[in-house]
Amino acid sequence: MRNTERYPVTGSNALWQIYKTVPFWKVVKNFVVIQLARYTPFIPMKNWLYKTFLGVKIGDQTAFALMVMLDIMFPEKISVGKNSIIGYNTTILAHEYLIDEYRLGDVVIGDRVMIGANSTLLPGITIGDGAIVSAGTLVHKSVPAGAFVGGNPMQVIYTKEERAKHDI
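The rules we used
- Residues numbered from 1 in each chain as written.
- Predicted model: local features only at pLDDT ≥ 70, side-chain atom pairs only at ≥ 80, totals over all residues.
- Heavy atoms only, no water.
- Salt bridge = Lys/Arg side-chain N within 4 Å of Asp/Glu carboxyl O.
- Helix = DSSP H or I, 4+ residues; strand = E, 2+ residues; numbered from the N terminus.
- Buried < 20%, exposed > 50% of the residue type's maximum accessible area, 1.4 Å probe, protein only.
- Phe/Tyr/Trp six-rings, centres within 6.5 Å; stacked < 30°, edge-to-face > 60°.
- Expected span 1.5 Å × (residues − 1).
- Arc of directions from axis to C-beta.
- Contact = heavy atoms within 4.5 Å.

The name given to the chain in an unreviewed UniProt entry is Acetyltransferase, with the source organism recorded as Guptibacillus hwajinpoensis.

Moving on: the pattern of salt bridges. Under the criterion given, the structure shown has 6 salt bridges. Linking Glu101 and Arg6 is a salt bridge whose minimum nitrogen-to-oxygen distance equals 3.0 Å. With Glu101 in strand 9 (residues 101-104) and Arg6 in strand 1 (residues 5-8), this residue pair connects regions lying 95 residues apart in the sequence. The exposure class assigned to Glu101 is buried, which follows from its relative accessible area of 12%.

Here the focus is the packing of aromatic side chains. Scanning all chains against the criterion turns up 7 aromatic pairs. Where Tyr19 meets Phe24, the ring centres are 5.4 Å apart and the plane angle is 75°; that geometry is what we call edge-to-face. Taking the relative accessible area as the measure of exposure, Tyr19 reaches 45% and is therefore partly exposed. On the numbers, 4.9 Å between centres and 80° between planes, the contact of Phe24 with Trp25 is edge-to-face. Here a set of aromatic residues connected by ring pairs shows up, and it is made of Tyr7, Tyr97 and Tyr102.

As a further point, take helix 3 (residues 43-54). Between the first and last C-alpha of helix 3 there are 16 Å, a value that for 12 residues agrees with the 16 Å anticipated at 1.5 Å per step. Among the residues making up helix 3, those that are buried are Lys46, Asn47, Leu49, Tyr50 and Leu54. End-on view of helix 3: buried residues confined to an arc of 155°, all on one side of the axis. Summarising the contacts, the buried residues of helix 3 are in contact with helix 2 (24-38), strand 2 (57-58), strand 3 (63-64) and strand 4 (69-70). At the C-terminal side of helix 3, Gly55 shows a positive phi close to 75°.

Written as structure tokens, this is what we have:
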């Protein structure tokens, strides 16, 4: 399933207690950087902003399309391999705030991965090398290397072996 660490809270819901879990000024800085990068059409500059100011690990020749929304509170928990594409308006979350707890988890995206537009990646998932995520997919569990997945909830459409057999 997903690999997240759970942190229970008492009293008000976890999101109401956000600044007990992440510093306010970190969120402000991350917000400004992410908003600049979302509208920047120059991919090398976008990657530089993410690496330099947010601590995101990004491989060479990886492209983030316009409007990609990275986790605003814990972007340093995101890593993307080499020569991957993150499609338009994709959201990558490394946290989830619930009523009685919050959860944090790394998001690891391999090399040569393609993520279609308007997808959402939840915390604690790994997307294996060479995988394809169809547009509009809710990635709620890890994706095997080379698989083609899609839907909400996400399902494996073709395994790596099936893709090779059918030349997909």
